[in-house]
Amino acid sequence: MTSEAPETVYDVAVIGGGPAGLSAALNLVRARRRVLLIDSNRPRNSATLLSHGFLTRDGISPLELRRLGREEFLGYEGAEHRMTMVQSVTAGPDGFVLDCELRKKTSRAVARTVIAATGLQETLPDIPGLRAFYGTSYHSCIECDGYDKRDQPIAVIGEHADLAQRALLLSQWSDDLLVCTNGADVVRSLDEEMLDSRGIAVDRRVIAEIEGGREGATGIRFDDGTVVERSGGFVRPSWSSELGYLAPLGADLDADELLVVDAHGRTSVPSLYAAGETTGPGPQQLIVAAGIGAAVAATINRDLVGGLSDLSDAVE
Ligand SMILES: Cc1cc2nc3c(=O)[nH]c(=O)nc-3n(C[C@H](O)[C@H](O)[C@H](O)COP(=O)(O)OP(=O)(O)OC[C@H]3O[C@@H](n4cnc5c(N)ncnc54)[C@H](O)[C@@H]3O)c2cc1C
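Everything quoted here is computed from the prediction, not taken from an experiment.

Visitor: How should the sheet that holds strand E13 (residues 216-222) be read in this particular structure?
Guide: Sheet strands line up and pair through hydrogen bonds in the backbone, either parallel or antiparallel. Overall, antiparallel pairing links the three strands, which are arranged E12-E13-E14 in an open sheet. With partners counted over all chains shown, the strands left at the sheet margins are strand E12 (207-213) and strand E14 (227-229), one partner each. If you compare each strand with its neighbour and ignore which way they point, the axes differ by 30° on average. Sheet topology places E13 next to E14; three bridges connect them, and they run antiparallel. Within E14, the residue paired with Ile-220 across the bridge is Val-228.

Visitor: Explain the nonpolar core to me, please; I cannot follow it from the model alone.
Guide: Nonpolar side chains tend toward joint burial in soluble globular proteins. Counting 23 residues, the largest nonpolar core has Val-89, Leu-98 and Leu-246 as the members making the most contacts within it. Sorting the residues of this core by element identifies strand E1 (9-15), strand E2 (35-39), strand E4 (86-92), strand E5 (95-102), strand E6 (105-116) and strand E17 (272-274) as the ones contributing at least two each. A per-element tally of this core places E6 first, with four residues. Contact partners of Leu-98, with chain neighbours within four places excluded, come to Ala-13, Ile-15, Ile-38, Val-86, Ser-88, Val-89, Ser-107, Arg-108, Ala-109, Ala-111 and Val-114. In this structure, Leu-37, Tyr-273, Ala-297 and Leu-304 belong to the second largest nonpolar core, which totals 21 residues.

Visitor: What exactly am I supposed to notice about the sheet that holds strand E9 (residues 154-157) here?
Guide: What the five strands build is an open sheet, ordered E8-E15-E9-E10-E11; its pairing is parallel. Both outer strands of the open sheet, strand E8 (138-139) and strand E11 (201-203), are each paired with one neighbouring strand and no more. The pairing of E9 with strand E15 (residues 233-235) spans three bridges and is classified as parallel. Paired with Ile-157 across the bridge in E15 is Val-235. Running at roughly 155° to E9, helix H5 (residues 163-170) makes contact with E9, strand E10 (177-180) and E15 of the sheet.

Visitor: In this structure, what is going on with the site of the ligand? I would like to understand it.
Guide: Around the ligand sit 35 residues, and of these Asp-39, Arg-42, His-52, Arg-66 and Glu-277 come closest. Ala-20 places a polar main-chain atom, nitrogen or oxygen, 3.0 Å from an oxygen atom of the ligand. Leu-286 places a polar main-chain atom, nitrogen or oxygen, 2.8 Å from an oxygen atom of the ligand. When the free accessible area of the ligand is taken as 990 Å², the share hidden by the protein chains comes to 98%. Sorting the residues of the shell around the ligand by element identifies helix H1 (19-30), E2 and helix H7 (286-305) as the ones contributing at least two each. Classifying every residue of the shell around the ligand by side-chain character gives 14 nonpolar, 15 polar and six charged.

Visitor: Which parts of the structure should I look at to understand helix H2 (residues 62-74)?
Guide: Side chains of residues three or four places apart in an α-helix project in the same direction, reflecting 3.6 residues per turn. Helix length check: H2, at 13 residues, gives a terminal C-alpha distance of 18 Å against a target of 18 Å (1.5 Å per residue), a fit within 8%. Here H2 has its buried residues at Pro-62, Leu-65, Arg-66, Gly-69 and Phe-73. Buried residues of H2, seen end-on, are gathered within an arc of 95° and therefore sit on one face of the element. Against H1, E2, strand E3 (79-83) and H7 lie the buried residues of H2.

Visitor: Even after reading the chapter, I still don't get the packing of aromatic side chains, so can you show me in this structure?
Guide: Geometry of an aromatic ring pair is reported as the spacing of the ring centres plus the angle between the planes. Across all of its chains, the model carries zero aromatic pairs by this definition. The ring centre of Tyr-147 lies 4.0 Å from the NZ or CZ of Arg-150, which sits over that ring. Between the NZ or CZ atom of Arg-205 and the centre of the ring of Phe-222, over which it lies, the distance is 4.1 Å.

Rules and cut-offs
- Residues numbered from 1 in each chain as written.
- Predicted model: local features only at pLDDT ≥ 70, side-chain atom pairs only at ≥ 80, totals over all residues.
- Heavy atoms only, no water.
- Pairing = 2+ DSSP bridges.
- Helix = DSSP H or I, 4+ residues; strand = E, 2+ residues; numbered from the N terminus.
- Axes fitted to C-alpha atoms, helices over the stretch in contact; angles between N-to-C directions.
- Core = buried A, V, L, I, M, F, W, Y, C linked by side-chain atoms within 4.5 Å.
- Buried < 20%, exposed > 50% of the residue type's maximum accessible area, 1.4 Å probe, protein only.
- Contact = heavy atoms within 4.5 Å.
- Near = heavy atom within 4 Å.
- Polar contact = N/O pair within 3.5 Å; in protein donor to acceptor, adjacent residues only side chain to side chain.
- Areas by Shrake-Rupley, 256 points an atom, 1.4 Å probe, with all protein chains shown as cover.
- Nonpolar A, V, L, I, M, F, W, Y, C, P; charged D, E, K, R; others polar.
- Expected span 1.5 Å × (residues − 1).
- Arc of directions from axis to C-beta.
- Phe/Tyr/Trp six-rings, centres within 6.5 Å; stacked < 30°, edge-to-face > 60°.
- Lys NZ or Arg CZ within 6 Å of the ring centre and 35° of its normal.

Below is the structure:
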């Protein structure tokens with residue numbers, strides 16, 4: 001890392017250029033703040049071709065949504081964007097020091113305030129073939145993609161205790177539903193009876209492979225060789241946050257390792273804020289993340305203006 005003093009002290013460094021970070025950055029630069037947006041360009045939804053449910057942008061490609069967001073932000077004075085990865089954030093004499101590195105290229109930035117908007121990472125169940133159909137035939141966000149699976153023969157695959165709940169929700173879109181536990185003991189017998197009463201079957205066998213071809217998934221092959229025809233459906237990933245870059249600051253995390261924030265996005269570390277899926281309850285939707293980003297931006301601007309002894313209730 002370079003030891004030279006950086007020239008600029010940004011008002012705000014936004015870490016993460018998804019909808020939460022982009023929306024925060026746009027609103028802050030419109031508040032005439034000098035804003036550095038740092039993004040490693042690894043969005044959680046990159047597996048999918050179309051994003052749904054974002055007002056006026058229903059069906060847009062995720063990359064196009066981000067491109068438009070960056071373009072709007074960069075149209076304002078005081079806006080800067082760097083494609084790199086923040087490796088650590090530490091406290092320095094002029095503010096937070098952000099050390100970044102991408103493909104062995106290092107850089108450093110200093111900012112009075114920081115927003116962590118770095119989203120979540122997800123791990124799919126270890127089922128051969130599943131990754132190839134993720135984002136096209138199989139999805140994770142029911143609210144986002146349920147409509148596009150309406151009235152189709154679909155599966156809901158998962159190894160977590162919320163599987164029965166997810167199946168119930170999906171029955172709003174399809175009545176030809178198969179619940180697959182992939183051998184995990186995650187559906188209680190009482191819940192299985194309830195699902196059965198609604199015509200939803202539970203299959204507890206281990207899945208050997210998701211079958212299909214260029215046109216998409218066609219079926220599920222179980223470990224006994226039986227194939228059940230399914231054109232796709234939903235899978236429940238495991239979600240995790242990668243917040244190691246904030247470790248030097250010691251911000252409070254909840255039981256899911258997400259940043260604890262107050263109602264306005266303030267973390268337990270003064271001048272460190274968080275927006276989007278780095279905070280509870282975790283996975284949501286693009287427009288929700290963008291909305292939270294805008295709300296946190298308003299809080300930061302008011303906190304930077306300062307003047308009152310206690311601003312905690314000042315945001316309407
Ligand atoms: C397959 C799939 C399909 C989806 N489809 C839809 C849909 O149709 N409609 C919908 O509303 N929602 C959809 N979602 C959910 C949506 O993607 C998320 O709700 C949304 O992206 C969360 O926004 P975010 O800004 O919190 O995080 P993200 O969008 O994940 O953005 C976080 C950003 O931070 C960056 N980053 C991470 N760590 C660092 C670091 N250390 N330094 C710098 N940058 C970093 C990442 O590269 C990433 O660009 C989908 C999700 C998935 C997985």
